[in-house]
Amino acid sequence: MAYKDSVQRTAVRTQTKITGTVTCKTGASNGIVTDLSAEGICFQLYFDINARTGQEVTIRSEELGFLTGMVRWYRGDKIGIKLNLSSNTAAQISSYYKFFK
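Nothing here was measured: the structure is a model prediction, and the numbers come from that model.

Draft legend 1. Looking closely at the nonpolar core. Ranked by size, the top nonpolar core spans 20 residues in total, and within it Val-22, Leu-36, Ile-41, Phe-43, Ile-59, Leu-64 and Ile-81 carry the most contacts. Elements with a contribution of two residues or more to this core: β1 (14–24), β2 (27–36), β3 (40–45), β4 (56–61), β5 (65–75), β6 (78–83) and α2 (87–99). Ignoring sequence-local partners within four residues, the contact set of Ile-41 consists of Arg-13, Val-33, Asp-35, Leu-36, Ile-59, Ile-79, Gly-80, Ile-81 and Leu-83.

Draft legend 2. Representation of the pattern of salt bridges. In total, this model carries one salt bridge according to the counting rule given. Among the ionic pairs, Asp-35 bridges to Arg-13, the shortest N-O distance being 2.8 Å. Linking Asp-35 in strand β2 with Arg-13 in the loop between α1 (3–6) and β1, this pair joins segments that are 22 residues apart in sequence.

Draft legend 3. A look at the pairing of β1. The side-chain alternation of β1 yields one buried face, formed by Thr-14, Thr-16, Ile-18, Gly-20, Val-22 and Cys-24, and one unburied face, formed by Gln-15, Lys-17, Thr-19, Thr-21 and Thr-23. Bridging between β1 and β2 involves nine bridges; their strand directions are antiparallel. By the bridge assignment, Gly-20 is partnered in β2 with Gly-31. The hairpin formed by β1 and β2 contains two residues between the paired strands. Pairing geometry for β1 and β4, over three bridges, is antiparallel. The residue of β4 that forms the bridge with Val-22 is Ile-59.

Draft legend 4. Molecular detail of the packing of aromatic side chains. Under the definition given, this model contains one aromatic pair. For the pair Tyr-96 and Tyr-97, a centre-to-centre distance of 5.5 Å together with 65° between the ring planes defines the contact as edge-to-face. Taking the ring centre of Tyr-74 as reference, the NZ or CZ of Arg-52 above it sits at 4.6 Å. For Arg-75, the ring lying beneath its charged end belongs to Trp-73, and the centroid distance is 4.2 Å.

Rules and cut-offs
Residues numbered from 1 in each chain as written. Predicted model: local features only at pLDDT ≥ 70, side-chain atom pairs only at ≥ 80, totals over all residues. Heavy atoms only, no water. Core = buried A, V, L, I, M, F, W, Y, C linked by side-chain atoms within 4.5 Å. Buried < 20%, exposed > 50% of the residue type's maximum accessible area, 1.4 Å probe, protein only. Helix = DSSP H or I, 4+ residues; strand = E, 2+ residues; numbered from the N terminus. Contact = heavy atoms within 4.5 Å. Salt bridge = Lys/Arg side-chain N within 4 Å of Asp/Glu carboxyl O. Pairing = 2+ DSSP bridges. Phe/Tyr/Trp six-rings, centres within 6.5 Å; stacked < 30°, edge-to-face > 60°. Lys NZ or Arg CZ within 6 Å of the ring centre and 35° of its normal.

Right under this line is the structure:
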């Protein structure tokens, strides 16, 4: 069984191509949000910022605004970010789906 088939997601993920910037204590990089859900994102970095599991990050994007979260995983040039859930985060994600999707 493939890895993706064995992972149980709690929220539906949508493939995206949202440009933005991710920042953590070890650096910042522009990149692309390659998928998005109500609870997290996958961010493809243009430059390695040495992001590690558990590190706090901020994401800025014209479409999504300002979001905060924590690195859940990193593989090559991609990092998985669990978003800090709040009513503001939910509103920003909902707004993206309403106006940009």
